[in-house]
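# Reading the structure
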Amino acid sequence: MMQKKVCMLGTFSVGKTSLVSRYVRSIFSERYLTTIGVKIDKKVVATARGEATLLIWDIYGDDEFQAVRASFLQGASGYFLVADGTRRSSLARLPALKSLMEDTVGKVPCRILLNKVDLHADWELGTVEEQALAELGPVIKTSAKTGQGVEEAFVQLTTHMLGG
Amino acid sequence: MPLSTDLLAALDLLALRSIESECFEVLGTPPAWAAPFLRSLPDAGRLSRAWLCDTFPFLESFLCDAAQLWSGPAPGRIESVSFAVPWPGGDDLLLVASALRLPTDCLLLIDGNQAHLHEQLRLLQHARDAHLVHQRLQRDVLKRDILFHSIVHDLTSQLSAMRGVFQLLQGSLPTSGAVPPELPGLLAAGLRAATKQEALIADILDVFRSETGSDGAPLDEATSCDLGACIDETVKLLSPSASWRRVTLRVQRADTASRGPTIRAESRRVERVLSNLIENALRYASRGSEITVTLGQRDGMAVVFVDDDGPGVPRELGAQLFEKFARARSGGGKTGLGLYFCRLTITRWGGQIGYEPRQPRGARFWFSLPTV
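Residues numbered from 1 in each chain as written. Chains lettered and ligands numbered in written order. Predicted model: local features only at pLDDT ≥ 70, side-chain atom pairs only at ≥ 80, totals over all residues. Heavy atoms only, no water.

Let us look at the domain arrangement of chain B. Buried accessible area, meaning the area lost when the parts come together, often serves as the stated size of an interface. All names here are of chain B. Looking at chain B, the domain boundaries give domain 1 (7-112), domain 2 (143-212) and domain 3 (225-370). On a C-alpha basis, the centres of domain 2 and domain 3 stand 25 Å from each other. The interface is formed by seven residues belonging to domain 2 together with 10 residues belonging to domain 3. For the domain 2 and domain 3 pair, buried surface summed over both sides reaches about 810 Å², with 54% attributable to carbon and sulfur atoms. For the domain 2 face of the interface with domain 3, the top three residues by lost area are Asp 206, Val 207 and Ser 210, together amounting to 55%. At the junction of domain 2 and domain 3, the tally comes to zero salt bridges. Viewed at the interface, domain 3 and domain 2 are joined by zero residue pairs in polar contact (both at pLDDT 80 or more). Split into classes, the residues belonging to the side of domain 2 that touches domain 3 amount to three nonpolar, one polar and three charged. (Domains from an automatic or database assignment. Contact = heavy atoms within 4.5 Å. Buried area = accessible area lost by both parts, 1.4 Å probe. Salt bridge = Lys/Arg side-chain N within 4 Å of Asp/Glu carboxyl O. Polar contact = N/O pair within 3.5 Å; in protein donor to acceptor, adjacent residues only side chain to side chain. Nonpolar A, V, L, I, M, F, W, Y, C, P; charged D, E, K, R; others polar.)

In structure tokens:
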């Protein structure tokens, strides 16, 4: 079966690890546990264009404490840029991460995950910010807590990677 | 004496020597954490790159960097970030890989010292938790600020109404007849208090808008104004107040041009800055003196000086003069929001603002802004 490397990118505490946990293990924890390095999970995805084994690289949050290295991105067939809708500041690093990705592996399929969509009361993004996100790639609103949009996001990206 | 083969195990290091292309041998006794992984090997002493990458997928990318180091001429060392691998029946195992190029050997070390790595994780978690708390507090403070300033804003309409009533009463006082002698003075005092209160509210709201960046859209290429015209307009507006204090307001230009220079700024806000500086000067200038507003050029910027002959600024207040509600320790001087607003506004447009004492007495406030 075809293997595809997928990278999860974004600043800290946007929910990258939670999205992977929800998708791979169907679990969610309210507690924020930072990711110090890289964790790789495998999951077989069935799409209309066939099956693929995803190697999901959950990469630590990119911030002033740890910057993402280009070598982690090598060989990636697709990636997610993850933002937290309750923190406007989580959008700031996404354009730079997209550039790093494109400089390293070229233009490969990408989806923007606007996470924590279940937290309506704390939502900080307005139309302007959501439009700015849409300029980076197709946006999917997700909630690692409820599972909203998570399966759809991985299936969409895999379909795109398989040429759909 | 040779080192004990248990040394590496005691340090939680799995040490592998690159012995030929795509193949490694284990050095010494493997550490306990590695045992469950090595158990699946047909030959526990040798392992292939394919097995390594299958067992520790993160190494796929790290071994590319390591191969470059090993094929190079110079000794050296590179280290990976930590990576997590599933640990049978427990939490993930955190590991860090290092590649070493020694004069005689190429080594791959995998460090499984959990105490050390979890300490790093704990520190990072602590830093990020603190960062999140800081962001949350900033949001809470902003929400409270918005609420507070909305209330302050709502006070303006009542004050305007009060001022209007005072003005009406002042205008409708009979010129003669049965008017208590103290009434005109009381009405004037009420009117002055309402006017001052309105000005204070305007300052508070101006500062809030400047601090939060909610004072309109950012300046674009098309936003510009005539600095000379702003000065003329402000001086005209403040002339009655100056006359009442028996102070002369004089404008002088360093050049002979009748207009300009053009600066990239909003005229309404430049006039607020000028008004703040001239009103300050009026407050301290002596009766019969002159306040000079000079427009010139300095280092390619337009510069405005506001000079008075007042007592000047107490030296100890100097450093915090442009902060909000600054106060000299001796109690000999204090500021409100006006100069703070001026600094926020001018620096936001790429300019500078400052104060220098005049000799033998007096104060000079100045600001500079880039010209178009």
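Counting residues at the interface gives 26 residues for chain A and 25 residues for chain B. Surface buried jointly by chain A and chain B totals about 2,200 Å² across both partners, of which 59% is contributed by carbon and sulfur atoms. At the junction of chain A with chain B, the criterion picks out three salt bridges. The shortest N-O distance in the salt bridge between Arg128(B) and Asp63(A) comes to 2.9 Å. Viewed at the interface, chain B and chain A are joined by 13 residue pairs in polar contact (both at pLDDT 80 or more).

Together, Leu147(B), Ile151(B) and Leu155(B) give the surface a local cluster of nonpolar side chains, amounting to about 290 Å² of exposed area. Of note, Ile151(B) is situated in helix α5 (residues 114-171). (Patch = residues over 30% accessible without salt bridge, like charges linked within 9 Å, V, L, I, M, F, W, Y side chains within 5 Å. Areas by Shrake-Rupley, 256 points an atom, 1.4 Å probe, with all protein chains shown as cover. Helix = DSSP H or I, 4+ residues; strand = E, 2+ residues; numbered from the N terminus.)

Core analysis: the biggest nonpolar cluster contains 57 residues, and Leu9(A), Ile59(A), Phe72(A), Leu52(B) and Phe56(B) have the highest contact counts within it. The element contributing the most residues to this core is helix α4 (residues 59-71) of chain B, with six residues. Non-local contacts of Leu52(B), meaning those with residues more than four positions away in its chain, are made with Leu16(B), Phe24(B), Leu47(B), Leu59(B), Leu63(B), Leu108(B) and Ile110(B). Counting 50 residues, the second largest nonpolar core, distinct from the first, contains Leu274(B), Val306(B), Val313(B) and Ile353(B). (Core = buried A, V, L, I, M, F, W, Y, C linked by side-chain atoms within 4.5 Å. Buried < 20%, exposed > 50% of the residue type's maximum accessible area, 1.4 Å probe, protein only.)

On to helix α3 (residues 94-105) of chain A, then. Residues and elements named next belong to chain A. An ideal rise of 1.5 Å per residue puts 16 Å on 12 residues; α3 measures up with 16 Å between its terminal C-alpha atoms. Turning to α3, its buried residues are Leu 94, Leu 97, Lys 98 and Met 101. Here the buried residues of α3 occupy an arc of 100° about the axis, which is enough to place them on one side. Taken together, the buried residues of α3 touch β1 (3-9), α2 (70-73), β4 (76-84) and α4 (127-134). (Expected span 1.5 Å × (residues − 1). Arc of directions from axis to C-beta.)

A complete count under the given rule lists 23 salt bridges over all chains for this structure. A salt bridge links Lys39(A) to Asp41(A), with the nearest nitrogen and oxygen atoms 3.4 Å apart. Given the relative accessible area of 12%, Lys39(A) is considered buried. Relative accessible area serves as the criterion here: at 9%, Asp41(A) is assigned to the buried category. As a salt-bridge pair, Asp92(B) and Lys39(A) come within 3.5 Å of each other at their nearest N and O atoms. Taken together, the positions of Asp92(B) in the loop between β4 (76-85) and β5 (93-101) and Lys39(A) in strand β2 (residues 38-47) put the pair across two chains. Residue Asp92(B) is classed as partly exposed on the basis of its relative accessible area, which comes to 33%. Taken together, the shared-partner salt bridges in this structure form one network comprising Arg25(A), Lys39(A), Asp41(A) and Asp92(B).

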